[in-house]
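# Tertiary structure, described
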Amino acid sequence: MLDQLLPVLIIAALALAVVGAARRVFLWRRGRPSPVAFFSGLISMPRRYLVDLHHVVARDKYISRTHVATAGGFVVAAILAIVVHGFGLDSTLLAWLLIASALCMFVGSLFVAKRRADPPDRLSKGPWMRLPKSLMAFSLGVFLVTLPTAGVVPADIGGWALAAGLSGVVAWGLGEMFLGMTWGGPMKHAFAGALHLAFHRRPERFGGGRSTGLKALDLSDREAPLGAGKPEDFKWNQLLGFDACVQCGRCEAVCPAFAAGQPLNPKKLIQDMVVGLAGGTDAGYHGSPYPGKPVGEHSGAPHQAIVARQGKALVDPETLWSCTTCRACVEECPMMIEHVDAIVDMRRHITLELGVTPDKGVQVIENLIATDNPSGFSPDSRMHWAADLNLPLMSEKGSADVLLWMGDGAFDQRNQRTLRALVQILRAANVDFAVLGNDERDSGDLARRLGDEATFQSLARRNIATLANAEFESIVTCDPHSFHVLKNEYPELGGSYTVYHHSTFIADLMANNRFQVTPWKGNSVTYHDPCYLGRYNGEYEAPRNVLKALGMDVVEMQRSGYKSRCCGGGGAAPVIDIPGKRRIPDMRMEDIRETGAELVAVGCPQCTAMLEGVVEPSPQVRDIAELVAANLVEPAPQKPLSPSRPTVEVMH
Amino acid sequence: MQLDAESLTESESSLSIAVLVSVGRHPLTGRPRRADQDARALEMAFSVAGAAPALLHAGPCDDPSEDALRCYLGMGGGTDLDSLIVLEQTADADIIPALADELTALGPQLVLCGTRAETGESSGMLPYLLAERLGWPIITGVAEIESIHEGVVVALQALPRGQRRRLSVRLPAIATADSAAPAPRASAYGPAMRGALTFSNTGSADDEARQDWLVSPARKRPKRLKIITATSARERFKAAAAKSQGGGGKVLKDLSPEAAAEAIQALLKEEGVLR
Ligand code: SF4
Ligand code: SF4
């Protein structure tokens, strides 16, 4: 009896799964066009899955082993089950293989069940709680029905009752594994995930590459709505990406805004996008909510506004404005989903189409438009900080080895100390450098992350035109945000440069003995990785090398390197300042205090400002350039760093 | 700012408002922008429920000023506002006749504009001259339009030091927005670029008065030092916060218009303004 029932069950499940798949593909294709390398994407998919995806999954050894056993067992078992039971291929060898793979999957599912016995908060519950049982049903069911095929037990063992029971178990397993895969069950992640890997919008990320620059918006098409106002305004492969989410909550666990109790949870956000692309409410979501926002009150559809002008829609604007664009979620996501791209796309719509950027953001944008800097200072005063430094100007010099990009920190008294230290180092090392002076403008980082692509492109184009008139080999800057934008986001607009963060440049100078330093005699030091230097650009080593070359013993925070926790200063988050239960910089300072270090070295004006804003007593915050400059052997050719000197001397 | 729905009647739901907008100038960098008070005037127009504001600009129109003008259109996202009528004029034209003709053709019940332009003569005379030409009443320095009911607008006029005066004026009328009016909403790039500039072909009339003028750059005038002889912090604060008080002056209340006019004329003669 099983012989007749199994093929029917399997073929029916397959057929329904194909219908579901077609429907899902149709949903994704409602998104805007985005060209992909179709065949090469499909061909490289297994590699991306086995290498790149598992590279991320393997950060959690328990789950990576569990996943290998379960998913590996399932893929083999499913194919063999279709061949052996679906098409009735009578092969003892295949039957044995099938039994083995089903067993392997069963063992895996035991571990899934164990993780689910007392699941951490970041995991979604609801249908996900039945998944281990479904996995067991499938593996055990397939295992049992294959025993007669392999000749272990006689084909006619048991009565019709046993057969009916077994078919029930197999049907359950098939339902979850085949139907659930394309009709929106937990197994959807396997189907959508595989295709997402094949058609990822940032294929450069595979094979150890990096692609972090935001993609430019085409402003020339005046009819097309700007940014993502409705789910169908996303590119189709972005929609596909949302659908790939496995609700593992790793993004949630690392999100600084979520930890601070701001109304953002990257996992929920991706799930809301899934709700939007399929239509419905978020009531079916069973994970942690946005802090302070109950689940079940938001709904959406592909053609409905994501953010309402008034009242509730799919997502509230505070959620989108809470993000610091720190990319911790993207870094942690095993499915390689691009949260930041999605958030910025929605911000673009809010700013460029609805014009309802929160007040402070509007002020910043208006200042950027009128004065080329976010605080509304006169563009003619950009060089005031260096009035006594006699800095060489590109406009007079014409060419130099290094163009020192000052950034808007030039207007900030705290950052001016860093800049002066950097100039001191460059002079000590005899570097031939020049600055753009008052011709420099804001890089556009802030405007872009506020969603104002138009102002970003205008600033970028004008900067590129200015840079075209200067001759230099490389740009050096002490601002990772300018660094990232100049290096990764200007090329798309026609400006390609060799750009170094000052820590990289100084590390290089030190490696070449371009200046001498006295060894550091202070106490323990820790280093805070700026998001835009670390996760965005992969520079974790150079700053540490500089500190080591200074003779410092760097104690690492638990969250450092690619796991570094944001200071809260990126992505225009401090401008908008969405309230939470705690402040992100306070949490980061806690991380720093835990190391027992008395000083934290930083490499970013934003991090400096955010961390120094934490209530005292707290470890001192010093930029890498300040630390190096304070230990330079060569007598400084310029005035001492009056404000920072006393504190530095205390540490000697 | 939205008015009560109750205070609306059929005729008001189709209330037509024209907002006169000009090209502004950023005080620090001099870059063209939307003029602050004009933007407030447009915001005020949006605050009148059921109103469909029409945007009107008279003046020269080059690329930078087009970008600035589009900023007003950028405020129209989510409303019906999607075009701006441009009466192109030469740089030294008298724009009053063109504006008056266009307004007569448009027939709005209320005309809103800023109190004073940020470029050009910036004399603040335009609303008065226009009112004179159209024969309409004018309310200057409005901070808020409270209601428009049965052809009468009730507005709050901004006076120094946060004082307000409630005025009722029969429509059609001209009202100018004070800097104390609510801040304008942000201008969004999408609607700004998508909005249409409709050029209306009107001739420009030469500004005859201006031809005899001699224009020279403004000089910084010496400022009279305020000598404060305060002995306590409180007195110093009072002195700093106080507006300079003109010595004499009379407050005349409940006068007939004729008597008021006579009083003003007498003062002007006394001051030697009229001879
Ligand atoms: S977005 Fe990525 S990290 Fe977050 S829950 Fe989904 S799969 Fe996990
Ligand atoms: S980028 Fe950072 S702040 Fe934004 S959602 Fe991801 S983890 Fe949270």
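Residues numbered from 1 in each chain as written. Chains lettered and ligands numbered in written order. Predicted model: local features only at pLDDT ≥ 70, side-chain atom pairs only at ≥ 80, totals over all residues. Heavy atoms only, no water.

Turning our eyes to something else, we now look at the overall build of chain B. The helix and strand tally for chain B stands at eight helices and 13 strands. Relative to the compact-globule value of 19 Å for 275 residues, chain B shows a C-alpha radius of gyration of 21 Å, a close match. The C-alpha extent of chain B, read off along each of the three principal axes, is 60 × 50 × 45 Å. Burial status across chain B gives 37% buried among its 275 residues. (Helix = DSSP H or I, 4+ residues; strand = E, 2+ residues; numbered from the N terminus. Rg over C-alpha atoms; globule rule 2.2 N^0.38 Å. Buried < 20%, exposed > 50% of the residue type's maximum accessible area, 1.4 Å probe, protein only.)

This next bit is on the site of ligand 2. Taken together, Cys255(A), Pro256(A), Leu264(A), Pro266(A), Cys323(A), Thr324(A), Thr325(A), Cys326(A), Arg327(A), Cys329(A) and Val340(A) are the residues near ligand 2. By residue class, the composition of the shell around ligand 2 is eight nonpolar, two polar and one charged. (Near = heavy atom within 4 Å. Nonpolar A, V, L, I, M, F, W, Y, C, P; charged D, E, K, R; others polar.)

Take the interface of chain A and chain B next. At the interface, 24 residues of chain A touch 15 residues of chain B. Summed over both partners, the interface of chain A with chain B comes to about 1400 Å²; 52% of that surface belongs to carbon and sulfur atoms. Among the residues chain A hides against chain B, the three largest losses belong to Arg222(A), Glu353(A) and Ala370(A). Together they make up 34% of the total. For the pair chain A and chain B, the interface holds three salt bridges. When the shortest N-O distance is used, the salt bridge between Asp372(A) and Arg31(B) registers 2.7 Å. If you look at where chain A meets chain B, you find 11 residue pairs in polar contact (both at pLDDT 80 or more). Taken together, the elements giving at least two residues each to the side of chain A that touches chain B come down to α14 (339-354), α15 (359-371) and α19 (453-468) of chain A. If one sorts the elements of the side of chain A that touches chain B by residue count, α15(A) sits on top with five residues. (Contact = heavy atoms within 4.5 Å. Buried area = accessible area lost by both parts, 1.4 Å probe. Salt bridge = Lys/Arg side-chain N within 4 Å of Asp/Glu carboxyl O. Polar contact = N/O pair within 3.5 Å; in protein donor to acceptor, adjacent residues only side chain to side chain.)

To continue, consider the layout of surface pockets. Once rolled over the atoms, a probe with the size of a water molecule shows which space is left empty. Residue and element names in this part refer to chain A. The volume enclosed by the second largest pocket comes to roughly 1400 Å³. In terms of lining, the second largest pocket is formed by 49 residues, of which the most central are His 67, Ala 71, Met 187, His 189 and Ala 190. Going through the elements one at a time, α1 (2-28), α2 (38-57), α3 (61-86), α4 (92-117), α5 (131-149), α6 (160-183) and α7 (188-198) are the ones with two or more residues in the lining of the second largest pocket. In terms of residue count, α3 provides more of the lining of the second largest pocket than any other element does, 12 residues in total. (1 Å grid on protein atoms, 1.4 Å probe; cavity = no way out; pocket = protein on both sides within 12 Å on 5 of 7 lines; lining within 4 Å. Points joined across faces, edges and corners; volume = space filled by probe spheres on them.)

Partitioning chain B into domains gives domain 1 (5-208) and domain 2 (221-240 + 252-275). Spacing between the C-alpha centres of domain 1 of chain B and domain 2 of chain B amounts to 31 Å. (Domains from an automatic or database assignment.)

Burial of nonpolar side chains together is a common tendency in soluble globular proteins. Phe178(A), Trp385(A) and Phe515(A) are the most contacted members of the largest nonpolar core, which has 162 residues in total. Ranked by residues supplied to this core, first place goes to α1(A) with eight residues. Residues contacting Phe178(A), with those up to four places away along its chain left out, are Ala13(A), Leu14(A), Ala17(A), Phe74(A), Ala78(A), Ile82(A) and Phe138(A). Ranked by size, the runner-up nonpolar core spans 39 residues in total, among them Ala39(B), Val86(B), Ala177(B) and Leu197(B). (Core = buried A, V, L, I, M, F, W, Y, C linked by side-chain atoms within 4.5 Å.)

By nearness alone, every residue bordering ligand 1 is listed as Cys245(A), Val246(A), Gln247(A), Cys248(A), Gly249(A), Cys251(A), Lys267(A), Cys333(A), Pro334(A), Met335(A), Ile337(A) and His339(A). Each residue belonging to the shell around ligand 1 can be placed in one class, and the counts come to eight nonpolar, three polar and one charged.

On to the environment of Leu27(A), then. As for its position among the elements, Leu27(A) is in helix α1. On a C-alpha basis, the gap between Leu27(A) and Ala278(A) in space is 6.8 Å, while along the polypeptide they are 251 residues apart.

Attention shifts here to the pattern of salt bridges. Residues and elements named next belong to chain A. One pass over the full model with this rule turns up 49 salt bridges over all chains. In this structure, the salt-bridge partner of Arg 544 is Glu 556, at a minimum N-O distance of 2.5 Å. Of this pair, Arg 544 sits in helix α22 (residues 541-549) while Glu 556 sits in the loop between β8 (554-555) and α23 (573-576), placing them 12 residues apart in sequence. With relative accessibility at 8%, the residue Arg 544 sits in the buried group.

Residue and element names in this part refer to chain A. What the rule picks out here adds up to 14 aromatic pairs over all chains. On the numbers, 5.1 Å between centres and 85° between planes, the contact of Phe 234 with Phe 242 is edge-to-face. Judged by relative accessible area, Phe 234 falls into the buried class, the value being 1%. The exposure class assigned to Phe 242 is buried, which follows from its relative accessible area of 3%. A network of ring pairs unites the aromatic residues Phe 38, Phe 39, Phe 199 and Trp 236 as a single cluster. In this structure, Arg 29 is placed above the aromatic ring of Trp 236, and the distance from its NZ or CZ to the ring centre is 4.8 Å. Above the face of the Tyr 536 ring, Arg 327 is positioned so that its terminal group lies 5.6 Å from the ring centre. (Phe/Tyr/Trp six-rings, centres within 6.5 Å; stacked < 30°, edge-to-face > 60°. Lys NZ or Arg CZ within 6 Å of the ring centre and 35° of its normal.)

Further remarks concern the side chain of Asp282(A). Residues and elements named next belong to chain A. Relative to the helices and strands, Asp 282 is located in the loop between β1 (280-281) and β2 (299-300). Under the relative-accessibility criterion, Asp 282 is labelled buried at 2%. Within the local environment of Asp 282, its side chain forms a polar contact with the backbone nitrogen of Glu 297, the two atoms lying 3.5 Å apart. Those residues within four positions of Asp 282 in sequence are excluded, and the remaining contacts are Lys 268, Asp 272, Val 275, Val 295, Gly 296, Glu 297 and His 298.

Here the focus is the environment of Pro172(B). Residues and elements named next belong to chain B. Locating Pro 172 in the fold gives a position in the loop between β10 (164-170) and β11 (173-177). We classify Pro 172 as partly exposed; its relative accessible area is 30%. Put simply, Pro 172 and Gln 211 are 39 residues apart on the chain and 33 Å apart in space, counted from C-alpha to C-alpha. Other than its neighbours up to four places away in sequence, Pro 172 contacts Pro 108, Gln 109, Trp 136 and Pro 137.

A separate point is helix α11 (residues 266-278) of chain A. All names here are of chain A. The terminal C-alpha atoms of α11 lie 19 Å apart, and with 13 residues this matches the ideal 18 Å at 1.5 Å per residue to within 8%. Burial analysis of α11 places 12 of its 13 residues in the buried class, which makes it a mostly covered element. Residues of α11 that are buried: Pro 266, Lys 267, Lys 268, Leu 269, Ile 270, Gln 271, Asp 272, Met 273, Val 274, Val 275, Gly 276 and Leu 277. By the N-cap criterion, in which a side-chain oxygen at the helix start approaches the backbone nitrogen of a residue two or three places on, α11 is capped by Asn 265, the distance to Lys 267 being 3.0 Å. Within two residues after α11, Gly 279 carries a phi angle of roughly 85°, on the positive side. (Expected span 1.5 Å × (residues − 1).)

Next up on the list: helix α8 (residues 257-270) of chain B. Along its 14 residues, α8(B) runs 20 Å from first to last C-alpha, staying within 8% of the 20 Å computed at 1.5 Å per residue. Phi turns positive one or two residues past the end of α8(B), at Gly272(B), with a value near 80°.

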